[in-house]
Amino acid sequence: MPTINDIAAKLGVSKSAVSKALNNADDISESLRKKILETAVEMGYEKKRIRKDAPKKLCILIENMDYENPSGFGHELVIGFEQMAVPAGWHVDRVVTSPEKQAQMSYDTFMLRHQYQGSFVLGFSLLDPWMQDLKKARTPAVLYDNYIRENPRVAYVGVNSDEGFQMAVSYLKERGHTRIGYLGCDMHSQISQERYQAYIRAMELYRLDVDMDLVGHSTFISQCTQEYLPLLLKKKATAILCEHDQLANAVLIHCAELGCVIPDDLSVIGFDDASFSAYTSPPLTTIRQDQNALGRCGYYALASLLDHTYISSLLLRAELIHRSSVGPARTFLL
């Protein structure tokens with residue numbers, strides 16, 4: 001591994017300047033600090049020794065996820081992680097990021113700059129700059145609902161989507177549904193791709209035809225329901241599986257506007273069991289994720305990576321929550 005001397009020699013600066021940059025000293029310019037940190041990362045430098053008085057530091061990197069509101073989806077993910085990390089002696093920072101911020105500094109440079117030893121990553125898109133960095137990153141990271149195969153220092157935690165959709169399709173088939181549609185977001189996230197493929201596999205497992213006329217994807221929830229829901233109803237779908245509960249709730253609302261009665265005319269199943277799902281009209285049948293448990297598993301996976309135990313994926317079992325948005329399949333008159 002390169003040393004401080006190697007970094008100083010490559011840049012033509014003093015050893016003390018490199019030490020100050022790596023130790024977050026105040027008496028060094030930000031431009032020089034950034035140059036030193038970027039060079040250190042490029043050379044493969046890893047900080048092994050931390051000052052005795054410095055806290056052990058982890059961060060939760062958050063993008064496009066409500067974590068401050070107790071009813072927000074990310075809240076219990078964050079709480080669960082901290083409930084495990086803090087008693088273990090870690091200082092945990094919650095860091096809100098964006099593609100624009102990520103473009104200013106690589107993932108490893110950011111982590112070295114702030115002396116974080118690992119991260120729990122929430123809400124990232126596959127298009128985010130740091131998702132590319134993480135393919136070769138040296139600083140351990142655990143991604144919620146995202147997966148990177150190339151790097152053993154990066155792990156994935158989530159809920160078993162295949163298991164969840166198999167339970168949902170089985171439940172619908174028992175109630176006579178064969179025309180089962182699917183609505184989801186665009187394919188710019190790992191979980192969007194994963195859940196769509198889980199729907200396809202579940203339909204094939206139960207020997208039901210996948211009719212692409214009953215499938216719709218869109219970036220925005222309102223666009224997805226307005227564009228595809230009338231088409232699915234016209235094509236005589238009797239049930240719709242939705243990528244997440246917000247989309248499922250939008251389907252319920254739009255169905256009411258169209259005069260479609262749930263579950264008499266159409267059955268709807270979501271995914272997540274968000275805090276509002278028991279209070280929709282009608283209450284939403286959904287595949288549950290235990291967010292607090294996922295947060296705790298995020299810490300467990302990160303602690304394993306830091307201990308050089310290279311976990312790939314840690315998946316919780318899915319649970320189908322039965323409510324009033326599913327009924328027997330409607331019989332269409334020919």
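Scoring rules and cut-offs
Counting restarts for each chain: residues are numbered from 1 in the order of the written sequence. Where local features are concerned, this predicted model is filtered to residues with pLDDT of at least 70; where side-chain atom pairs are given and counted, the filter is 80 or more; whole-chain, interface and lining totals use all residues. Note that water and hydrogens are dropped before the side-chain values are worked out from all heavy atoms of the structure. Only DSSP runs of H or I reaching four residues or more are called helices, and only runs of E reaching two or more are called strands; each is numbered from the N terminus. Counted as a polar contact is a pair of N or O atoms within 3.5 Å, where, for protein atoms, one must be capable of donating a hydrogen and the other of accepting one, and residues adjacent in sequence contribute only when both atoms are in side chains. By definition, residues are in contact when any of their heavy atoms lie within 4.5 Å. The buried label goes to any residue with under 20% of its type's maximum accessible area, the exposed label to any with over 50%, and the partly exposed label to all in between, with areas taken from a 1.4 Å probe on protein chains only. At least two DSSP bridges between two strands are required for those strands to pair.

(A) Expanded view of unusual backbone geometry. For the peptide bond that leads from Ile 262 to Pro 263, omega is 5°, which places it in the cis range. In this structure, Pro 263 sits in the loop between α11 (245–258) and β9 (267–272). In this chain, Ser 281 is followed by Pro 282 through a cis amide linkage whose omega measures -5°. Inspection of the secondary structure puts Pro 282 in the loop between β9 and β10 (285–288). Even without being a glycine, Asp 272 presents a positive backbone phi close to 130°.

(B) Looking closely at the side chain of Asn 146. With respect to the helices and strands, Asn 146 occurs in the loop between β4 (141–144) and β5 (154–159). Reaching out from Asn 146, the side chain makes a polar contact with the backbone oxygen of Phe 124 at a distance of 2.9 Å. Here the side chain of Asn 146 touches Gln 190 through a polar contact of 3.4 Å, landing on its backbone nitrogen. Every residue in contact with Asn 146, bar those within four places of it in the chain, is listed here: Phe 124, Leu 126, Met 131, Tyr 156 and Gln 190.

(C) Focus on the pairing of strand β3 (residues 119–122). With burial as the criterion, each face of β3 is covered, one bearing Ser 119 and Val 121 and the other bearing Phe 120 and Leu 122. Pairing of strand β1 (residues 56–62) with β3 involves four bridges; the strand directions are parallel. Note that in β3 the partner of Leu 61 across the bridge is Val 121. Taken together, the three bridges between β3 and β4 define a ladder with parallel strand orientation. Counterpart to Ser 119 in the pairing with β4 is Ala 141.

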